[in-house]
Amino acid sequence: MSVMLQMNGIQAINAAMVEAMEADPKVLVLGEDIADPQGGGVTGTMKGLSTRFGEHRVRTTPISEQAIIGAAIGAALGGYKPVAEIMLMNFTTVAMDMIFNHAAKLRFMSGGQSQVPITIRTLTGAGWQTAGQHCDHLEGWFAHAAGIKVIAASSPADMKGLMLSCIQDPDPCLFIETGMTLFSPGEVPADQGPIPLGKAKVAVSGSDITIVTWAAQTIRCMMALQALGEAGISAEIVDLRTISPWDKETVLASAAKTGRVMIAHEAVRDFGPGAEIAATIHEELFGQLKKPVKRLGAPKCAVPFAKVLEDAYLVQPDDIVAAAKALMG
Amino acid sequence: MSVMLQMNGIQAINAAMVEAMEADPKVLVLGEDIADPQGGGVTGTMKGLSTRFGEHRVRTTPISEQAIIGAAIGAALGGYKPVAEIMLMNFTTVAMDMIFNHAAKLRFMSGGQSQVPITIRTLTGAGWQTAGQHCDHLEGWFAHAAGIKVIAASSPADMKGLMLSCIQDPDPCLFIETGMTLFSPGEVPADQGPIPLGKAKVAVSGSDITIVTWAAQTIRCMMALQALGEAGISAEIVDLRTISPWDKETVLASAAKTGRVMIAHEAVRDFGPGAEIAATIHEELFGQLKKPVKRLGAPKCAVPFAKVLEDAYLVQPDDIVAAAKALMG
Amino acid sequence: MAEQSNAPKPDAQALLDIFRRMVRIERNDDAIRTAMRRGRITAPYYSGRGQEVIPATISHFLNDDDQICTIYRGIHDMVAKGIPLRPLWAEISGKVDGTCKGKGGPMHLTHPETGVMVTTGIVGSSMPIANGLGWAAKLDGSKRVVVAYFGDGASNIGAFHEALNLASLWKLPVLFVCQNNGFGEHTRYEIATSVDKISTRAVSYNMPGFTVNGNDPDDMYAHVHAAVARARAGEGPTLLECKTFRFLGHLIGDDDFYMDKAEKEAAMAKDPLPRLRARLIAEGHASEADLDKLIADIEAEIADAQEYGANSPTPSRDELRRDVFAEEMPA
Amino acid sequence: MAEQSNAPKPDAQALLDIFRRMVRIERNDDAIRTAMRRGRITAPYYSGRGQEVIPATISHFLNDDDQICTIYRGIHDMVAKGIPLRPLWAEISGKVDGTCKGKGGPMHLTHPETGVMVTTGIVGSSMPIANGLGWAAKLDGSKRVVVAYFGDGASNIGAFHEALNLASLWKLPVLFVCQNNGFGEHTRYEIATSVDKISTRAVSYNMPGFTVNGNDPDDMYAHVHAAVARARAGEGPTLLECKTFRFLGHLIGDDDFYMDKAEKEAAMAKDPLPRLRARLIAEGHASEADLDKLIADIEAEIADAQEYGANSPTPSRDELRRDVFAEEMPA
Ligand SMILES: Cc1ncc(C[n+]2csc(CCOP(=O)(O)OP(=O)(O)O)c2C)c(N)n1
Ligand SMILES: Cc1ncc(C[n+]2csc(CCOP(=O)(O)OP(=O)(O)O)c2C)c(N)n1
Ligand SMILES: [Mg+2]
Ligand SMILES: [Mg+2]
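Residues numbered from 1 in each chain as written. Chains lettered and ligands numbered in written order. Predicted model: local features only at pLDDT ≥ 70, side-chain atom pairs only at ≥ 80, totals over all residues. Heavy atoms only, no water.

### Examining the confidence of the model for chain C
Looking at chain C as a whole, the pLDDT averages 96, with 98% of positions reaching at least 70. The complex prediction reports pTM at 0.98, with the ipTM value standing at 0.98. (pLDDT = per-residue confidence, 0-100.)

Next up, the structure:
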């Protein structure tokens, strides 16, 4: 049994970075404020890396997201494994050409000659009153794109293991961080190694209802567990961890077992990533479900500023409990 | 009964532009190569406008998509109704911040003080061997975004009517053109007025199976009609026309009637716009469908160059027929 | 900095006007920070403390119908422009009487009535939109001018380049005002910017560009006077790089480990606000009592606004369905 | 154009090398257009006819392991760099033996073995990626240089600005080579670009920038020599604006209504290819027979490549599941 360390997501990612950079001199880091003189990133997730590995490997960039992703792509074509930060997910919009038209497509368009093993770290998530342009969940866009993997871990151990996998993966990975998951502490095995991409985790086993979720929403689902238990509902929580390519096998097995499925994500519900999962479950388990798949997500509006509105915008533990009761009824 | 004119999509949109600009001096046009000295746009869709209405209202821009959409947004805030062209849909990626973070959100973030009545015209669609960066269908991304309407007409009459509505709509509209729909001729009533946004059209009535589709895929569905008929399948083709907000009522009514639904679009199937429609149909008509909803879309790869691969990439009439037979069987 | 012989100089009235705007900015900033410390306001807040001279002088030249597009660090720009304080406070308090009904918050404050057209949280994005407002002003045949505020870090992003090129080509009545406070978040100017002066970049667009002492009302006055006149005359845009210093870190709560202490202290010792006060008195434009009264009036106005914001109701969750489109979204 | 006293001049061997590269470009371009007319190749094709001197001279200075990132109008750049013609023809024919197995086509030709790293269809996007390759070259401690090709229109897009700023800050071994052919699609230079010379924009990045006669091998030679030397010496990037003219419209099939006929004819009358041929003979570097032989050999190579491409099989539809990721996608 391995020693368990107590740490939060920031520390877990940092530990993954240190290991990856120690093990492989080709691993690079770039982004705004990313080196130590600038604080190792706004969340401090990259703290210590430039001091330890040198500012030639850990570079603070101008506020130039196209140049950041472009430099990462080029360095990857040159044999390196860059970990690039786009400070917030909304800012991927200014680098979207580089991500979508280039990073994700160069392997295919070159017939396999090029590979772009970059990891793009980005932070998002409502709950901090940062309002309309700082906390959108756009994983659905990237999941719709071919050639890029989309990862969003909810526990420190998963963050470490999945970050290690992203860095070593031969293809571009988008690694989504959220304030809530970065700051939540948890246990991480001292020898936590890479966790395979594309594999979901049954975070909680249950028999009545399957809840498919990821990222900070996993934490909000966990917060609903007690009330669900009190209502006599045994929920199985499947933390997807990799949104694309997603783990159909695990999800379908759970859904087949319970016959009742809820998908809960922070992204806007409409045309959101939950739709793919719901549609697939209905296709694959036609006639076997007890109730139609319930999708919970944000309403179709920008993230509002006022605390009361932001609270209403998010899928809260109470919403999950209410939806679960309706699914049982 | 009104006189019918024979024209293609280019002429239909051009007619809408002329009418709109005649009627309302606030309507502006901007984009690359858009004025007459540059040919009225690469497809010639804006031909004649700068000569007729002046280059102050119809402006050729540099290759600066952020500046194009920014200028459109600002002019809209200043009381104008700009029609901006982003030459190809893949190039919306370089203007995505302006579209997603600004055009689509300013009304909400300002609590209703601002409005951004812009129309963004953009061209896409495979079939011309333009390969990986020139013909993606990204309507799913925009449909997932709050605050922007997404339109894709398949006939010249619809193009005229929907373009008129987009221009007059108080909110941002993305108007998707495709090579196939622009060049296909059709009848347009001489007095064709605005067609309301958000309303689908039952292009063909049928009783066995509902096919939900839009844009060039509608034409490919029509091409399957004969073979479907020969196979004894009576298909109802619902041309969605507006992808967001979409016409649930019409789609659900047709689905309830036939009990068998296929959604066919050119966009990548995975996490694509069809997933929302499929998920909704399953939710709303749980237990009433004879078969699970079938989704046809592109495979998850970049658009390939080789003609054989491009043909295989697209959802062809034959694929539709095969899927329809499977749904019936 | 740039040579301006025969440059117009602010008279007593102008200096007093600039001072009054600066005091409103600074007192309001102080009140916000106090309210935050007391937990009365919860919001990310980017203070403009130290940068008051820039928008105060610019706004001195602006008419009510002139317009600004500003950024997350922009409350000083809005207050200078004349945004009313009551709805401002209600907005940053997340209340229905806010300029944006509490939906935008401090990073997206908007008030078209006073020309506060766009406040963006995306670095660089004020500029392309300002162009469109300038285009509209031109099409209207008006003399309106539009100010695009942005930071030094923003001069390295693509939108800057595209916007300045278009504005120059189309001769738009836009002032591109870079508030160069030496830092983009924690990153020093020279780590992010390859050129000594941002004003040099105007050359790339065949546009006049000047580096101005943004803490000196005289230097600001001369350059803004010229740039606004140029814009109103239909001669096109100007790039003004206004050098200043950010006293309070990137956002309230950030610690300043990345700043050189001596440099910061030296900059703060030259706080432009007390300097202008001293000058007004030294030059006989006002008495201590006059200025105390002016400040007290402003403080009363702010206290009232704060009270107003605190007492305004919180928005109902139906607001999530409103203002997405002109028509309300279905429940 | 820019003054270069004591500028290095191409000797006979260099001129012959440049000529040979130009002929390969031109003959290959002609063969592609002929094949298109005969319906043997179906693809959007953007010809570089008229612009041969630029990549021919640059490639003269490049080693095999130096790299280029180019654009849809880039086959001339690749041929100059040394991409093998057989897989090139197979690629534009959409065949399995193509450089990209027929999946990329003419707009995305790639051949890392000969340093053709990226070909993009997005205006401006060659530049940010070239930076990364330059960064890798630097980290490797190599002397490799990277060339980012782009057009005049591309100098107005955001990626240009971001890329040049970063390259200058990081002193990357990148040559930013603007092939200024006077048009972006149908739009004349001056409608889209606010500055007389694109090289002026180098000033914004504290980078050397030169406007070069891109149709003159001597002028090109001197400037490329210096820029490559600078990059190899670790002194950083250079912006070269190479003035030229696009003989064949934006893409094959476009009519040229938007061009000034007299201007076009004057430019075509100064076709750099026959001029260089005449010079080689006049200066005694080669005989007519030598050059005829050189051309005939190249034509034979092209005919062989074309044949090879025509005979290569078409890809199987399984290719749609390959090269999306390293591992094959499930069927
Ligand atoms: C496109 C984009 N990238 C990154 C950020 C995160 N960010 C917010 S403010 C800021 C620094 C901006 O510096 P500067 O332009 O100098 O303005 P200042 O904050 O100093 O006023 C950064 C990087 C952002 N908001 N938008
Ligand atoms: C971002 C983007 N916008 C628009 C286009 C469409 N487009 C393709 S080539 C071109 C003209 C480019 O002109 P220039 O940079 O001068 O290069 P040239 O074609 O003359 O070699 C345009 C507008 C594009 N490919 N990418
Ligand atoms: Mg700054
Ligand atoms: Mg050109």
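### Comments concerning the coordination of the magnesium ion (ligand 4)
Residues and elements named next belong to chain D. Here the magnesium ion (ligand 4) is held by the protein donor atoms Asp152 (OD), Asn181 (OD1) and Phe183 (O), which lie 2.0 to 2.1 Å from it. Mapping the donors of the magnesium ion (ligand 4) onto the primary sequence gives the spacing D-x28-N-x1-F. Of the two residues, Asp152 sits in the loop between strand E3 (146-151) and helix H6 (158-169) while Phe183 sits in strand E5 (residues 183-184), which places them 31 residues apart along the sequence. Taking the relative accessible area as the measure of exposure, Asp152 reaches 2% and is therefore buried. (Donors = N, O, S within 2.8 Å, 3.2 Å for Na, K, Ca; no water. Helix = DSSP H or I, 4+ residues; strand = E, 2+ residues; numbered from the N terminus. Buried < 20%, exposed > 50% of the residue type's maximum accessible area, 1.4 Å probe, protein only.)

### Thoughts on the pattern of salt bridges
For the structure on display, the rule yields 102 salt bridges over all chains. For A:Glu177, the salt bridge identified is with A:Arg121, shortest N-O distance 2.7 Å. Of this pair, A:Glu177 sits in strand E7 (residues 173-178) while A:Arg121 sits in strand E5 (residues 119-124), placing them 56 residues apart in sequence. Judged by its relative accessible area of 1%, A:Glu177 falls in the buried class. When the shortest N-O distance is used, the salt bridge between D:Glu319 and D:Lys101 registers 3.8 Å. Here D:Glu319 is found in the segment after helix H11 (288-311), whereas its partner D:Lys101 is found in the loop between helix H4 (85-92) and strand E2 (116-120), with 218 residues between them in sequence. Residue D:Lys101 is classed as partly exposed on the basis of its relative accessible area, which comes to 24%. Linked through salt bridges whose partners overlap, the residues forming this network are C:Lys101, C:Lys103, C:Asp318, C:Glu319, C:Arg321, C:Arg322, C:Asp323 and C:Glu328. (Salt bridge = Lys/Arg side-chain N within 4 Å of Asp/Glu carboxyl O.)

### Quick look at the interface of chain C and chain B
On the chain B side, the residues contacting the 38 residues of chain C number 40 residues. Together, the buried faces of chain C and chain B total about 3200 Å²; carbon and sulfur atoms form 67% of this surface. Between the two partners, chain C and chain B, sit two salt bridges. Salt-bridge contacts for B:Lys149 lead to C:Glu327; the nearest nitrogen and oxygen are separated by 3.1 Å. (Contact = heavy atoms within 4.5 Å. Buried area = accessible area lost by both parts, 1.4 Å probe.)

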